[in-house]
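# Topology and contacts: notes
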Amino acid sequence: MNKLDEDIGSFADVYTLFGVLDEYHDKQYLDNLEYKRRSEKELSDYISSAQKSMEEMGEDYDYHNYDYGVEQGLRLEEMAANAQFDFFNEAKELHALALIEMKVMFLYKEIEIRLKQIISTHYSQKTSQLSNLNALNKCFESNGVFLNEISSYQFIDDLRRVNNDLKHSLKINASKQIKEFKGKTKFDSESLDTFLKLASYEIESFFNLLIKKINDEDVVELGDNSFLGDIPF
């Protein structure tokens, strides 16, 4: 691995933080679900036990194992658990969407940083004035490298469009021609996550091919199923 490879590294390492956030979000869901199920079971078991004793003892049943106050307490606990679970489910889409928005913006920022690292490391050029993807493209073109001719570059441009839309709102404007968002007017966590996972694979492939091209190595275009890296997040 040469200096350029060391500077760029693997994109899989970039998303470790988001994996931790996703795990926390999933744990919150499971904790709420377990609380809901436990409270429902405790109430059901209490009533069933009292009913069974009543049926077995008949007229001799003295309510020694039943307390109206206990039942009401269990009912209130069940109501609280269900209300908490419902609230979490309503907020879940907002939580998931917020995390994916951060991932999109973080990934696109990382792409620009790594393109600048290549320019600085390999071409020894200053990058302070390269403020957007168009400027970065022109810089590479001046060095004989056309980024848009490299496989998977379209995913970088698509990510730029999504990133720009998310900066302003959840409305889909510049991204409306991207497959995952056609026919939609607003981003949702499911379609955005589908797009981001595919884009992450393809962008990893793009940087691998870019480094090979800059190092004058033979560039073999990767097919749809050829990339075997870990899923980034």
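Residues numbered from 1 in each chain as written. Predicted model: local features only at pLDDT ≥ 70, side-chain atom pairs only at ≥ 80, totals over all residues. Heavy atoms only, no water.

### Thoughts on the packing of aromatic side chains
For any pair of aromatic rings, geometry is given as the distance between the ring centres together with the angle between the planes. Enumeration according to the criterion identifies seven aromatic pairs in this entry. Connected via pairs of aromatic rings, a cluster forms that spans Y29, F85 and F88. The ring of F85 is capped by K36, whose NZ or CZ atom sits 5.6 Å from the centre of that ring. (Phe/Tyr/Trp six-rings, centres within 6.5 Å; stacked < 30°, edge-to-face > 60°. Lys NZ or Arg CZ within 6 Å of the ring centre and 35° of its normal.)

### Digging into the pattern of salt bridges
The final tally for this structure, using the stated rule, is 10 salt bridges. Among the salt bridges present, the one from R75 reaches E71, with a minimum N-O distance of 2.9 Å. Of this pair, R75 and E71 both sit in helix α3 (residues 68–123), four residues apart, roughly one helical turn. Judged by its relative accessible area of 33%, R75 is partly exposed. (Salt bridge = Lys/Arg side-chain N within 4 Å of Asp/Glu carboxyl O. Helix = DSSP H or I, 4+ residues; strand = E, 2+ residues; numbered from the N terminus. Buried < 20%, exposed > 50% of the residue type's maximum accessible area, 1.4 Å probe, protein only.)

### Concerning the environment of L159
One can find L159 in helix α5 (residues 153–168). Note on L159: relative accessible area 0%, which makes it buried. With residues up to four places along the chain from it excluded, the contact list for L159 reads V104, L107, Y108, I111, F195, L196 and I203. (Contact = heavy atoms within 4.5 Å.)

### Regarding the packing of α3 against helix α4 (residues 133–142)
Their axes nearest at 11 Å, the elements α3 and α4 cross at an angle of 25°. As far as their axial angle goes, α4 and α3 are roughly parallel. α4 is crossed by α3, and the crossing has left-handed handedness. Here α3 contributes Y108, E112, L115, K116, I118, I119 and Y123 to the contact with α4, which in turn contributes L133, L136, C139 and F140. Classifying every residue of the contact of α3 with α4 by side-chain character gives nine nonpolar, no polar and two charged. (Axes fitted to C-alpha atoms, helices over the stretch in contact; angles between N-to-C directions. Parallel < 35°, antiparallel > 145°, perpendicular 65-115°, else oblique. Left-handed = near helix turned anticlockwise from the far one by under 90°. Nonpolar A, V, L, I, M, F, W, Y, C, P; charged D, E, K, R; others polar.)

### Brief notes about helix α6 (residues 189–214)
Taking 1.5 Å as the rise per residue, α6 with 26 residues should run 38 Å; its terminal C-alpha atoms sit 36 Å apart, in good agreement. Of the residues flanking the start of α6, the one acting as N-cap is D188, its side-chain oxygen 3.1 Å from the backbone nitrogen of E190. (Expected span 1.5 Å × (residues − 1). Polar contact = N/O pair within 3.5 Å; in protein donor to acceptor, adjacent residues only side chain to side chain.)

### Considerations on the packing of α5 against α6
Orientation of α5 relative to α6, taken along the N-to-C sense of each, is 135°, at an axis distance of 8 Å. By the angle between their axes, α5 is oblique relative to α6. Between α5 and α6 lies a crossing whose hand is left-handed. Residue-level contacts link Y153, F155, I156, D158, L159, V162 and L166 of α5 to L192, F195, L196, L198, A199, E202, I203, F206 and F207 of α6. Of the residues contributing to the contact of α5 with α6, the split by class is 14 nonpolar, no polar and two charged.

### Concerning α3
The terminal C-alpha atoms of α3, which comprises 56 residues, lie 80 Å apart, in line with the 82 Å expected from a rise of 1.5 Å per residue. Along α3, the largest kink reaches about 40° and is centred on A91. Backbone nitrogen of G69 and a side-chain oxygen of the N-cap are separated by 2.7 Å at the start of α3; the cap is D67. Of the residues trailing α3, S124 is marked for its positive phi of about 55°. (Bend = angle between axes of the 7 residues up to and from the residue.)

### Thoughts on the confidence of the model for the protein
When pLDDT is averaged across the protein, the result is 82; 81% of the residues are at 70 or more. The lowest-confidence element of the protein is helix α1 (residues 3–8), averaging 50 in pLDDT; the highest-confidence one is α5, averaging 95. In the predicted structure, residues 220–233 sits below a pLDDT of 50 and forms 20 contacts with residues beyond four places in sequence or in another chain. (pLDDT = per-residue confidence, 0-100.)

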